[in-house]
Amino acid sequence: MLCDAHVHLKNLLELEPDAETTRRRLGIAAAASAWNRAEFAFHRELAAAAKRDNAPPLFLCFAVHPQLPGNLAGKAAGADCAAIHDSAAIRDSAVALAEYAAAGELAAIGETGFDLFDESYRATEAEQDRLFALHLDAALRYGLPLVLHVRRAMHKIFPHTGALKKLPAVVFHSWPGSPDEGFSILRRGINAFFSFGTTILLNHKNAIRSCAAFPAERLLFETDAPFQPLRGKRYSSFEDLPAVIRAAAAIRCPDAAAESPEPERLGGAAFYRVFCP
Ligand SMILES: [Zn+2]
């Protein structure tokens, strides 16, 4: 079974109404991130339906995305990510997070983290710090993995080493760092997993070098659908996942026969270790 470690399923379905059918057809287990009650309820229903139909599972993740405070401040973040952002909605999501975690509904808390990509996001750093502290707290309290979004902000991760070490797993979605940074995180004792998406098909040097260097059992793969489109595409989708995993297999073992079963297995064991321990 293929595994997608990070997808925004509700956002994807708004662009591609039969995406859930495609996921089932391709046999993809997925971890779906939501940031508000409406998205979460939607994912929860799809997860229950998948279970009922014996289809590949959906695992539920929840957190306030670190870009949301920036979007709220008037920045349109890349794709027209999720509806209307207002601070009351963000406050309500914090309440919802505690409810879902206490009820045992979450496979992970995320995506959370830091985005200091440009001035409009940097302007919300204090708000991002506050949200991250809240998410980290909940992950510690309920013993849940954390799914991280880190853009131009790796320096914000290391000060949290002590807390991150206590978590069952820490997933770096669309790993943004170098191989050295990844190994340094592992050496500090964080149970880190590094997730790769379309960046390895888009010639991102650090992503490709990292994907080649990290131990296989630390690797995850994702579409971040719909937010990481390949060139010429409007959005990313489940259809991209096989190509991402094939590319990873080729990066790690250029001589492997194309029909080797290895690509299918790559990322699978780590996915279940993180989201269904
Ligand atoms: Zn994402």
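Structure's up top.
Being a predicted model, the structure only gives us computed values, none of them experimental.

Looking at helix α3 (residues 37–52)
- When the terminal C-alpha atoms of α3 are compared, their 22 Å separation across 16 residues agrees well with the 22 Å that a helix rising 1.5 Å per residue should span.
- What α3 keeps buried is the set Glu39, Phe40, His43, Leu46, Ala47, Ala49 and Ala50.
- Residues of α3 that are buried make contact with α1 (9–15), α2 (19–26), β2 (28–34), β3 (58–62) and α5 (87–102).
- Of the residues one or two after α3, Asn54 is the one with positive phi, at around 60 degrees.

A closer look at the coordination of the zinc ion
- Taken together, the protein ligands of the zinc ion are His6 (NE2), His8 (NE2), Glu111 (OE) and Asp224 (OD), with distances of 2.0 to 2.4 Å.
- Taken together, the four donor atoms surrounding the zinc ion define angles of 80 to 170 degrees at the centre, an arrangement classified as irregular.

Some thoughts on the sheet that holds β2
- Taking strand neighbours across the sheet as the criterion, the eight strands line up as β1-β2-β3-β4-β5-β6-β7-β8 in an open arrangement whose pairing is parallel. Lying at the two open borders of the sheet, with one neighbouring strand each, are β1 (2–7) and β8 (219–221). Averaged over all neighbouring strand pairs, the angle between strand axes comes to 25 degrees, with direction disregarded.
- Examined bridge by bridge, β2 and β3 share five bridges and lie parallel to one another. Bridge pairing in β3 places Ala31 opposite Phe59.

Some thoughts on the pairing of strand β5 (residues 146–151)
- Here β5 lies mainly inside the structure; five of its six residues are buried.
- As defined by bridge partners, strand β4 (residues 108–115) adjoins β5 across six bridges and the pair is classed as parallel. Its bridge partner lying in β5, Ile109 is registered against Leu146.
- Alignment of β5 against strand β6 (residues 170–172), held across three bridges, turns out to be parallel. Bridging across to β6, Leu148 finds its partner in Phe172.

What about the environment of Ala103?
- Here Ala103 lies in the loop between α5 and β4.
- Overall, the relative accessible area of 54% leaves Ala103 in the exposed class.
- In this structure, the C-alpha to C-alpha distance between Ala103 and Pro69, residues 34 residues apart in sequence, is 27 Å.

Focus on the side chain of Lys156
- Here Lys156 shows up in the loop between β5 and α8 (161–164).
- Looking at Lys156, the relative accessible area reads 13%, which means it is buried.
- One polar contact links Lys156 to Glu125, side chain to side chain, over a distance of 2.7 Å.
- Not counting residues up to four positions away in its chain, the partners in contact with Lys156 are Phe114, Leu116, Glu125 and Asp129.

Description of the pairing of β2
- The element β2 is extensively covered by neighbouring structure, given that seven of its seven residues are classed as buried.
- Residues Ile28, Ala30, Ala32 and Ala34 point to one face of β2 and Ala29, Ala31 and Ser33 to the other, with burial holding for every one of them.
- Of the pairings in the sheet, the one linking β1 to β2 comprises four bridges and is parallel in character. The residue of β2 that forms the bridge with Val7 is Ala32.

The rules behind each value
Residues numbered from 1 in each chain as written. Predicted model: local features only at pLDDT ≥ 70, side-chain atom pairs only at ≥ 80, totals over all residues. Heavy atoms only, no water. Helix = DSSP H or I, 4+ residues; strand = E, 2+ residues; numbered from the N terminus. Expected span 1.5 Å × (residues − 1). Buried < 20%, exposed > 50% of the residue type's maximum accessible area, 1.4 Å probe, protein only. Contact = heavy atoms within 4.5 Å. Donors = N, O, S within 2.8 Å, 3.2 Å for Na, K, Ca; no water. Tetrahedral: all angles 85-135°; square planar, octahedral: opposite > 155°, others 65-115°. Pairing = 2+ DSSP bridges. Axes fitted to C-alpha atoms, helices over the stretch in contact; angles between N-to-C directions. Polar contact = N/O pair within 3.5 Å; in protein donor to acceptor, adjacent residues only side chain to side chain.

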